[in-house]
Amino acid sequence: MKRLEELVRDNIYRLTPYSSARSEFKGDASVFVDANENPYDTLYNRYPDPLQTELKQKLSALKGVPAGNIFLGVGSDEAIDLLYRIFCEPRRDNVVAIDPTYGMYGVCADINEVEYRTVRLDDKFDIDIDALFAAVDDATKIIWLCSPNNPTGNSLSVGRVKEVISRFGGIVVLDEAYIDFSATPSLLGELHNWPNLVILQTFSKAWGSAGVRLGMAFADKAIIDIFNKVKYPYNINVLTQRYAEKLLDKAPSVKRRVEGIIRNRGVLEKLLRKCSCIKKIYPSDANFLLVSTTGAKEIYDYLVDTGIIVRNRHGITLCDECLRITVGTRDEIRLVAAALAAYDKK
Ligand SMILES: *Cc1c(COP(=O)(O)O)cnc(C)c1O
């Protein structure tokens, strides 16, 4: 890996961060008149902990990663945007991403005026190592990987992911938004081996909290310290911090829900196999199935008319005539399967 000083934008490396009242004094006192807050208790009259200390301690225990290696953001979206703002000089640097993958990496590149280079996955939806490194040059700061990948649903091979991390001199981001649905274990346990690895996870999928907007980034402490310098001082509000602390206490029941979704994925797959309008069901390690169909637009429109919304992925690289179907409840699965069976008979 190149030195962090070479990878981080100069203005960010030199940045003196805003020092908030809550970061200058931490601890117990009886009178807080340092932050111009309203003194009357409304439950929310005080600023939140800028570093979410208690929440990170719980997360640290659950994930087996020190609190100093954790960043929390307003969804994964915040971490994705911060990675561009920290590492990529607009109009000079570039990033390389697998294709197809999650759309936000490209949108954030456009917003930050950073060149976004895409490298097609191979016919097994795995990383094409030679093509990936052919796209890398001296101005490549980040490689974006996503495993299990969206929208393909599969896990990338661990050997190839590790080869990318160890060969690349810049930052490798591994988005593990769907890791809890996967048979392949997270790379989090090996984070300490890789100073250039950033792992993203989220409360939006397995944790059932997309509405809350809370995302996690795990990385070497030197990288997390820069995240903390650049983020809005109070990015995670009090309601979210308390909610997430309570949610983590319920980790066992969340895990049972996830196991149920994994079982339902099998049920959905079995029912879709009976539909002649579904030509292929791709293997999934996530909470959705990518399926290739006899006509994505027509089936999509038909389903909309019956009140069922799936995601049309036709037009995305390697996803011709494909639909992406999220694993819903048993009832929702039956409704989707029944609608597709009716489409077959049409
Ligand atoms: C859904 C999803 C996320 C979650 O993003 P949030 O901003 O945390 O809701 C992240 N990455 C991928 C690949 C996703 O599909």
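Bear in mind that the values here come from a model prediction, so they are computed numbers and not experimental data.

Calculation notes
Residues numbered from 1 in each chain as written. Predicted model: local features only at pLDDT ≥ 70, side-chain atom pairs only at ≥ 80, totals over all residues. Heavy atoms only, no water. Phe/Tyr/Trp six-rings, centres within 6.5 Å; stacked < 30°, edge-to-face > 60°. Helix = DSSP H or I, 4+ residues; strand = E, 2+ residues; numbered from the N terminus. Buried < 20%, exposed > 50% of the residue type's maximum accessible area, 1.4 Å probe, protein only. Near = heavy atom within 4 Å. Areas by Shrake-Rupley, 256 points an atom, 1.4 Å probe, with all protein chains shown as cover. Nonpolar A, V, L, I, M, F, W, Y, C, P; charged D, E, K, R; others polar. Contact = heavy atoms within 4.5 Å. 1 Å grid on protein atoms, 1.4 Å probe; cavity = no way out; pocket = protein on both sides within 12 Å on 5 of 7 lines; lining within 4 Å. Points joined across faces, edges and corners; volume = space filled by probe spheres on them. Pairing = 2+ DSSP bridges. Axes fitted to C-alpha atoms, helices over the stretch in contact; angles between N-to-C directions.

**Q** So what about the packing of aromatic side chains? Which residues, and what values?
**A** Tallying each qualifying case throughout the model produces ten aromatic pairs. Ring plane angle 10° and centroid distance 4.6 Å describe the contact between Y105 and W144, whose orientation is recorded as stacked. Residue Y105 is located in helix α6 (residues 104–111), and its partner W144 is located in strand β4 (residues 140–146); the two are separated by 39 residues in the primary sequence. A relative accessible area of 0% places Y105 in the buried class.

**Q** So what about the site of the ligand? Which residues, and what values?
**A** Looking at the ligand, there are 14 residues lining it, with Y178, T202, S204, K205 and R213 nearest. When the free accessible area of the ligand is taken as 390 Å², the share hidden by the protein chains comes to 94%. Looking at the shell around the ligand, the element that brings in the most residues is helix α5 (residues 75–87), giving three residues. Across the shell around the ligand, the residue classes break down as five nonpolar, five polar and four charged.

**Q** Go over the environment of I223 with me, naming the residues and quoting the values.
**A** Structurally, the position occupied by I223 is in helix α9 (residues 221–230). Distance from I223 to N196, taken between C-alpha atoms, is 8.5 Å for residues 27 residues apart in sequence. In contact with I223, not counting residues within four places along its chain, are L4, F87, I171, P195 and V198.

**Q** How would you explain the layout of surface pockets if you had to name every residue and give the values?
**A** Taken as a whole, the largest pocket spans an internal volume of roughly 630 Å³. If you trace the largest pocket, you find 21 residues lining it, with R22, Y47, P48, D49 and E54 closest to the centre. At the level of secondary structure, the elements contributing two or more residues to the lining of the largest pocket comprise α4 (53–63) and α10 (238–249). A per-element tally of the lining of the largest pocket places α10 first, with four residues. Looking at the lining of the largest pocket, its residues break down into eight nonpolar, four polar and nine charged. For the second largest pocket, the calculated volume is near 410 Å³. Around the second largest pocket, the lining comprises 17 residues; the ones closest to its centre are L62, K63, D180, W207 and K255. If you list the elements that add at least two residues to the lining of the second largest pocket, you get α4 and α11 (251–273).

**Q** Break down the sheet that holds β4 for me, citing the residues and quoting the values.
**A** The seven strands lie next to each other as β1-β7-β6-β5-β4-β2-β3, forming an open sheet whose pairing is mixed. Each of the sheet's edge strands pairs with one partner strand only, and the pair in question is β1 (70–73) and β3 (115–120). Along the sheet, successive strands turn relative to each other by an average axial angle of 25°, direction set aside. Of the pairings in the sheet, the one linking strand β2 (residues 94–99) to β4 comprises four bridges and is parallel in character. Looking at the pairing, V96 lines up with I143 of β4. Packing against the sheet, α5 makes contact with β1, β2, β3, β4, β5 (171–175), β6 (197–202) and β7 (215–218), and its axis sits at approximately 160° to β4.

**Q** Residues and numbers for the pairing of β6, please.
**A** Burial of β6 is extensive: six of the six residues sit out of reach of the surface. What you see with β6 is no split at all: L197, I199 and Q201 on one side and V198, L200 and T202 on the other are buried throughout. Bridge count for β5 against β6 is four bridges, and the pairing is parallel. Looking at β6, one finds that V172 is bridged to L197. Looking at chain direction, β6 and β7 are connected through four bridges and run antiparallel.

**Q** Explain unusual backbone geometry to me, using residue names and the numbers behind them.
**A** Following S147, the chain continues into P148 via a peptide bond in cis, with omega recorded as -10°. Positionally, P148 belongs in the loop between β4 and α8 (158–167). Cis peptide bonds are those with omega within 30 degrees of zero, and the linkage from N150 to P151 qualifies with 10°. Turning to its location among the elements, P151 is positioned in the loop between β4 and α8. Phi is positive for F125, which is not a glycine, with a value near 60°. Looking at the element boundaries, F125 is found in the loop between β3 and α7 (129–135).

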